[in-house]
Amino acid sequence: MKHILSVYVENQPGVLVRVASMFSRREFNIDSLSVGVTQSPEFSRITVVVHGDGALIEQMIKQLEKMPIVRAVQRLDASKAVTRGMTMIKVSANDNNRLDVLKMAELFRAHVVDVQPTNLIFEITGNDEKVTAFLRLLKPYGVLEIIRTGLIALERGENTIEDYKQSAEFYGKNLL
């Protein structure tokens, strides 16, 4: 089962290496990893997508929470979170098929970021299902290269990571 973990960490050199090393040492496989600065420049958010059963995920969360640089770990329910990833796709496109490829891109709200005589590069953002469907339609034209970013996610609604930190403190976890 796919799980999304949002890890709120101190924004300092080496944090990503330490978090990724924790997964590696315990032989947890990471499906997707993304990191960026938050609204508070002193903190970053690492979004990790992993597969595993509930017990394995709980073990991962406990290991992360033990790390001094980690301020909070939030397990995001996919149905209650907005998730996005970006993909760039280089596809063959010549005078004979270029209009067809461009029409498909328009349907998926993909943006052309480079045009060459024999190919196009598209940028598409969205969930995995949307990107996979777009790729499936492009395949007959000749997909030359693909690069995907790690998934990023935020919980829907009023709750923020700040609320999560406060509730964790309330229940006796000193995360700050």
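Positions within a chain are numbered from 1, following the residues in the order the chain's sequence is written. For a predicted model such as this one, the threshold for reporting local features is a pLDDT of at least 70, and the threshold for listing and counting side-chain atom pairs is 80 or more; totals across whole chains, interfaces and linings nevertheless cover every residue. Only hydrogens and water are removed before side-chain values are computed, so all heavy atoms of the structure are retained for them.

(A) Focus on the packing of helix α1 (residues 15-25) against helix α2 (residues 54-65). Axis definition: a line fitted to C-alpha atoms, limited for helices to the stretch in contact. Angles are taken between N-to-C directions and run from 0 to 180 degrees. Only DSSP runs of H or I with at least four residues qualify as helices, and only runs of E with at least two residues qualify as strands; both kinds are numbered from the N terminus onward. α2 packs onto α1 with a crossing angle of 140° between their chain directions and a minimal axis gap of 11 Å. Accordingly, the angle class assigned to the pair α1 and α2 is oblique. In this structure, α1 meets α2 at a crossing whose hand is right-handed. Of α2, the residues touching α1 (which contributes Val 19, Met 22 and Phe 23) are Met 60, Gln 63 and Leu 64. These descriptions rest on fixed angle ranges, namely under 35 degrees for roughly parallel, over 145 for roughly antiparallel, 65 to 115 for roughly perpendicular, and the rest for oblique. By convention the crossing between two helices is left-handed if the near helix lies anticlockwise of the far one by an angle smaller than a right angle, and right-handed if it lies clockwise. Whether two residues touch is decided by their heavy atoms; if any such pair falls within 4.5 Å, the residues are in contact.

(B) Spatial organisation of unusual backbone geometry. With a phi close to 60°, Glu 27 is a non-glycine residue in the positive phi region. Take Glu 27: it is sitting in the loop between α1 and β2 (30-37). Phi is positive for Arg 109, close to 60°, though the residue is something other than glycine. The buried label applies to any residue whose accessible area, calculated with a 1.4 Å probe on protein chains only, is under 20% of its type's maximum; exposed applies above 50%, and partly exposed to all values in between. Taking the relative accessible area as the measure of exposure, Arg 109 reaches 67% and is therefore exposed.

(C) Looking closely at a nonpolar patch on the surface. Patch criteria: residues need more than 30% relative accessible area and no salt bridge. Like-charged residues are merged within 9 Å; nonpolar side chains of Val, Leu, Ile, Met, Phe, Trp and Tyr are merged within 5 Å. Using a 1.4 Å probe, the Shrake-Rupley method yields the accessible areas, and only the shown protein chains count as cover for residues. The term salt bridge refers to a pairing of a side-chain nitrogen on Lys or Arg with a carboxyl oxygen on Asp or Glu at a separation within 4 Å. There is a patch of nonpolar side chains on the surface, built from Leu 99, Leu 102, Val 112 and Val 115 and spanning about 340 Å² of accessible area. Listing elements by their share of the nonpolar patch, those giving two or more residues are α3 (98-107) and β6 (111-115). By the element assignment, Leu 99 lies in helix α3.

Nothing here speaks to function; it is all geometry.
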